[in-house]
Amino acid sequence: MRLRRSVGELLVCCIALWVGVSSSSSGVKAPPPPGCDSMLSFSSEVSSFSVGQTNINRRSLSPWRWRSSTVKNRVPSTLWEAECIDAFCSGLNKHSLVSVPIYQSVLVLNRQQGAHCYTASYLSVAVGCTCVWAKTSQN
């Protein structure tokens, strides 16, 4: 039973975490390592959900700018994170409302040194900013 479970876990890990690396010059994908029968592929398509949402980061009462971070051995290699522009909300003369980031957990794969193996982990990434009541001793 334990051997069957270990083989099953190995196969699941192999299927879930293997990412085919393309050769940029020939466009041919490297085959999966022995024991893996499929590869994980990523789509570069952008969702149409963002249509009509242009410049939302600047039109918000809690505006933000985008900051990128790139890590060579990470998939995706570049992540964009929101950075609140001001501590207080724009257009409101109330210092009781403050601008705070909204966070989302993002699944990333990190390539292990010198191998075609990846480890999966979650990163907390700021995806926008919003106005909230300032913290007081009462809340």
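Within every chain, residues take consecutive numbers counted from 1 along the sequence as written. Predicted model: local features are reported for residues with pLDDT of at least 70 only, side-chain atom pairs are reported and counted for 80 or more only, and whole-chain, interface and lining totals are derived from all residues. Water and hydrogen atoms were dropped before computing side-chain values, which therefore reflect all heavy atoms in the structure.

Caption draft 1: Broad picture of the pattern of salt bridges. Only one rule defines a salt bridge in this text: a Lys or Arg side-chain nitrogen within 4 Å of an Asp or Glu carboxyl oxygen. This structure, assessed with the given rule, holds 3 salt bridges. The salt bridge involving Arg 65 is made with Glu 83; its shortest N-O contact spans 3.0 Å. Taken together, the residues span a long stretch of sequence, with Arg 65 in strand β1 (residues 64-70) and Glu 83 in strand β3 (residues 78-84) at a distance of 18 residues. Relative accessible area decides the class of each residue, using a 1.4 Å probe on protein chains only: under 20% of the type maximum gives buried, over 50% gives exposed, and in between gives partly exposed. You can call Arg 65 partly exposed: its relative accessible area is 42%. Of the residues examined, Glu 83 reaches a relative accessible area of 29% and is grouped as partly exposed. For Glu 81, the salt bridge is made with Arg 67, and the minimal N-O distance between the two is 3.8 Å. Placement of Glu 81 in strand β3 and of Arg 67 in strand β1 is noted, with a sequence separation of 14 residues between them. A relative accessible area of 39% places Arg 67 in the partly exposed class. Put simply, DSSP marks the helices as runs of H or I at least four residues long and the strands as runs of E at least two long, and each gets a number from the N terminus on.

Honestly, that's just the spatial picture; any functional story needs more than this.
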